[in-house]
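Letter by letter, the chains look like this.
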Amino acid sequence: MNYQIDCVSNPFKDHNFNLDWSSESAFHFHQSLPGYKPTPLWQLKNFSKSIGINQCLVKDESHRLNLNAFKVLGASYAMAIEIAKYLKLDLNNLTYEIIKKHSEQIKNLTFTTATDGNHGRAVAWSAKQFGCKAMIYMPKGTSKIRLDAVLENNALAEITDFNYDETVTLSEDKALENSWILLQDSSWKGYEEVPQNIMVGYSTMVTELMDQYSDWPTHVIVQAGVGSFAAAILINMFNQSKPKPKLIILEPKGAACFYNSIKIGDGNPHLTKELNTKMAGLSCGMPSLLAWNIIKELSDYFAICNDNVAFKGMQICAQPIEDDQKIVSGESGAVPIGFLHAVCSNSDYGHIKKDLDLNESSNVLFFSTEGNTDPDLYRRVLNLE
Ligand SMILES: Cc1ncc(COP(=O)(O)O)c(C=O)c1O
């Protein structure tokens, strides 16, 4: 397979960064959701050995509430807060049951968002659980299967003629026009509260991890689209009173808005216009402003890779070595493991392995953020047809 990989260190890193961040209310809320249970954390012992590191840990979000991706943690919590504000409820001890008691009053509330699929499915599912409505806009090129996954949750949805960033603008306009509530997982100047709550919702993954893993990672490799997921993981890892792991942001080469912005070097996020990647969840041209402000301060490295690296990661997860756990991981979920494999086992990237200080003492943590959310692509990559 032809790999293209690059990695640069972060000139803006601030070792004294401090941000008050509480994840307790989100965890309290998630525990009340029907069907909630923590997703598994796997240790791939044989894989770690094969690439010369100590531990490879994978938090497997394909098991998240039967929705095949982590996104519902953010959508459900942010939606609950918006509903609670509408109903003038106490925001602190929110639970699913408290909101359900008010179903009749909220049945005409409509939430809207733009999404490649996973976030839209999560918004649609959450609206259905609470008994309100959802209208989901999807960028051109979105697969029919991803559209169907949203429609199955009783939402209205359409695939637009626009790319992801233009579709975000469309849903913002539609929200204004129709008095809908915009539940976007990205932020910009003047639109910060909802995406902040979405990021707080993602914190639950780290809260669960603290219970599942008594050791501690030396490296965390997190994939980024608009960066809300990565920023939430970074801030939660950083805020623990434990040694700071090396934090690495990974993006598709064809949608590298963080890497490109860092390369521009003025400390601001910039739009990457042309998007070209099969990693649909990571195909975003503009960093979320809130995420940028966290990632710019906390990340140690910014890395990019081409789609083949993600495909290799999918294969490693699907065809484990000996008794390692088999993991169903889609292209946006598996890219960090493909990256780690390439960097540790390919001498062309020995300099990156050295820079990142990856060696036999390293404990590397990933989040497989989705299962086979695009089953056609999954089958093709694994030669299952
Ligand atoms: C499976 C998957 N992983 C990672 C991400 C990246 O999240 P963010 O856009 O917050 O960076 C997404 C976003 O949609 C996703 O669907």
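Throughout this description, residue numbers start from 1 for each chain and increase along the sequence as written. In keeping with the predicted nature of the model, local features appear solely for residues at pLDDT of at least 70, side-chain atom pairs appear and are counted solely at 80 or more, and the whole-chain, interface and lining totals rest on all residues. The side-chain numbers reported here are obtained from all heavy atoms of the structure, hydrogens and water having been left aside.

Trainee: I'm lost on the site of the ligand in this one. Help?
Mentor: The full set close to the ligand counts 15 residues, and N118, G225, G227, F229 and T369 are the nearest of them. Here an oxygen atom of the ligand and a backbone polar atom of F229 are 2.9 Å apart. Burial of the ligand by the surrounding chains reaches 99%, relative to a free accessible area of 390 Å². Of the residues in the shell around the ligand, the class split is 5 nonpolar, 7 polar and 3 charged. What makes a residue near a molecule or strand is one non-hydrogen atom of that residue sitting within 4 Å of it. The term polar contact refers here to a pair of N or O atoms within 3.5 Å; inside protein, the definition further demands a hydrogen-donor-capable atom paired with an acceptor-capable atom, and it admits residues adjacent in sequence only when both atoms are side-chain atoms. Here, Shrake-Rupley sampling with a 1.4 Å probe gives the accessible areas, and only protein chains in the shown set may cover a residue. Ten residues, namely Ala, Val, Leu, Ile, Met, Phe, Trp, Tyr, Cys and Pro, are considered nonpolar, four, namely Asp, Glu, Lys and Arg, are considered charged, and the remaining ones, Gly among them, are considered polar.

Trainee: What is the right way to look at helix α7 (residues 144–151) in this model?
Mentor: Note that an α-helix has 3.6 residues per turn; residues three or four places apart therefore point the same way. For each residue, the accessible area found with a 1.4 Å probe, counting protein chains only, is set against the maximum for its type, and the residue is called buried under 20%, exposed over 50%, and partly exposed in between. Labels follow the DSSP assignment, with helices taken as runs of H or I lasting at least four residues and strands as runs of E lasting at least two, numbered in each case from the N terminus. By the burial criterion, the buried members of α7 are R146, L147, A149 and V150. For α7, the arc enclosing every buried residue in end-on projection is 155°, short of the 170-degree limit, so these residues lie on one face. What makes two residues a contact is simply this: any of their non-hydrogen atoms within 4.5 Å. Against α6 (118–130), β5 (133–138), β6 (156–159) and α15 (331–345) lie the buried residues of α7. Starting at the helix axis, one direction is taken to each C-beta atom, and the arc is that of these directions.

Trainee: Please clarify how the environment of C284 should be interpreted in this entry.
Mentor: Along the chain, the position of C284 falls in the loop between α12 (257–264) and α13 (289–298). Between the alpha carbons of C284 and E104 there is a distance of 37 Å; along the sequence they are 180 residues apart. In this view, C284 contacts Y164, D165, G225, V226, A255, C257 and L275; residues no more than four positions away in its chain are not counted.

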